[in-house]
Amino acid sequence: MTSKNTAPTRTRLLLALWDLGGTQQEVKKGQLTKRIVSKSQKVADYQGLFEELQNQGAIAISKKGYSLTSGKGLEVLGEGLRSGDFKFEGTIVGTWAANALVKWISQIDVAVTGADVPVNGKRAIASYDEFKSVALNVYDKLNQNYNLDDLVPIYRIRREIGDRVSREDFNEWLLEMQEKDILQLQGGSLSDSDPDKLEDSITTPVSGLRCYAKHLNS
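Residues numbered from 1 in each chain as written. Predicted model: local features only at pLDDT ≥ 70, side-chain atom pairs only at ≥ 80, totals over all residues. Heavy atoms only, no water.

(A) Main features of the sheet that holds strand E6 (residues 152-153). Overall, antiparallel pairing links the 3 strands, which are arranged E6-E10-E7 in an open sheet. Edge positions in the sheet fall to E6 and strand E7 (183-186), since each of these pairs with one other strand and no more. Relative to strand E10 (residues 212-215), E6 runs antiparallel, the two being bridged by 2 bridges. From the neighbouring strand, Pro153 faces E10, where its bridge partner is Tyr212. (Pairing = 2+ DSSP bridges. Helix = DSSP H or I, 4+ residues; strand = E, 2+ residues; numbered from the N terminus.)

(B) Up close: the packing of aromatic side chains. In total, this model carries 4 aromatic pairs according to the counting rule given. For the pair Phe131 and Phe170, a centre-to-centre distance of 5.6 Å together with 90° between the ring planes defines the contact as edge-to-face. In this pair, Phe131 is assigned in helix H7 (residues 128-145) and Phe170 in helix H9 (residues 167-179), connecting sequence segments 39 residues apart. Phe131 gets classed as buried once you look at its relative accessible area, which sits at 0%. We classify Phe170 as buried; its relative accessible area is 1%. Between Phe131 and Trp173 the ring centres are 5.6 Å apart and the planes differ by 45°, which places this aromatic pair in the tilted class. (Phe/Tyr/Trp six-rings, centres within 6.5 Å; stacked < 30°, edge-to-face > 60°. Buried < 20%, exposed > 50% of the residue type's maximum accessible area, 1.4 Å probe, protein only.)

(C) Summary view of unusual backbone geometry. A positive phi is found at Asp150, a non-glycine position, where the angle reads about 70°. With respect to the helices and strands, Asp150 occurs in the loop between H7 and E6. Even without a glycine there, the phi angle at Asp181 is positive, about 60°. Relative to the assigned elements, Asp181 resides in the loop between H9 and E7.

(D) Highlighting the nonpolar core. Residues Leu13, Leu14, Leu32, Ile36, Phe50 and Ile59 are the most contacted members of the largest nonpolar core, which totals 29 residues. Broken down by secondary-structure element, the contributors of at least two residues to this core are helix H1 (3-19), helix H2 (29-36), helix H3 (47-56), strand E2 (59-61), strand E3 (65-68), helix H4 (72-82) and helix H5 (95-106). Top contributing element to this core by residue count: H1, with 6 residues. The residues touching Leu32, leaving out its near neighbours within four places in the chain, are Leu13, Ala16, Leu17, Leu20, Val27, Phe50 and Tyr66. Formed by 25 residues, the second largest nonpolar core is a distinct cluster that contains Ile125, Val134, Leu175 and Met177. (Core = buried A, V, L, I, M, F, W, Y, C linked by side-chain atoms within 4.5 Å. Contact = heavy atoms within 4.5 Å.)

(E) Spatial organisation of H5. Along its 12 residues, H5 runs 17 Å from first to last C-alpha, staying within 8% of the 16 Å computed at 1.5 Å per residue. Listing the buried residues of H5 in full gives Trp96, Ala97, Ala100 and Trp104. What you see down the axis of H5 is that its buried residues fit within an arc of 95°, all on one side. Facing away from the buried side of H5 by over 90 degrees, the exposed positions are Thr95, Val102, Ile105 and Ser106. (Expected span 1.5 Å × (residues − 1). Arc of directions from axis to C-beta.)

Pasting the structure below:
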């Protein structure tokens, strides 16, 4: 994919993910690629673009699908749609794209305000849906970078997200992810039993101290 086409293609990808409900739920890979990959292209042609958006914090990627972060993802999408470089290629625009643009325009106030107030240069997390996307993105990054075998210490997730979310919201939303069978919070001991790391883990009402998270869809 040439650099000349990257910006509009990136915007079209984010628009498709948003239209498919990517800020509320994970969108299956095949469902998204069916919209954005033309007959003359291959899914592999988009691999670099997906990785770029993930590193940028605009999308989260799991083994099964993609989700759009309601903070950074919506910000990048909005900037792309307003850019003078954005346009659809060819002479025929897909019905999904036209309808998605109409929906974006009708919801523009709601969509753009999802990107709330910056905290230490990063936008604060204001909703469970955004927290879920960010937490899964952080989980995948830590799991891959440190070979954690799908058991990521909760204290590392909390510290990676940092001040973008309060301790109370982090606890509440992480437990909600467990209730919805997205994460399984597990016990076990930390290697050094550091009190600060244990403090940054989480205590559940029924099972007590939980130190690790496992993504059930991974």
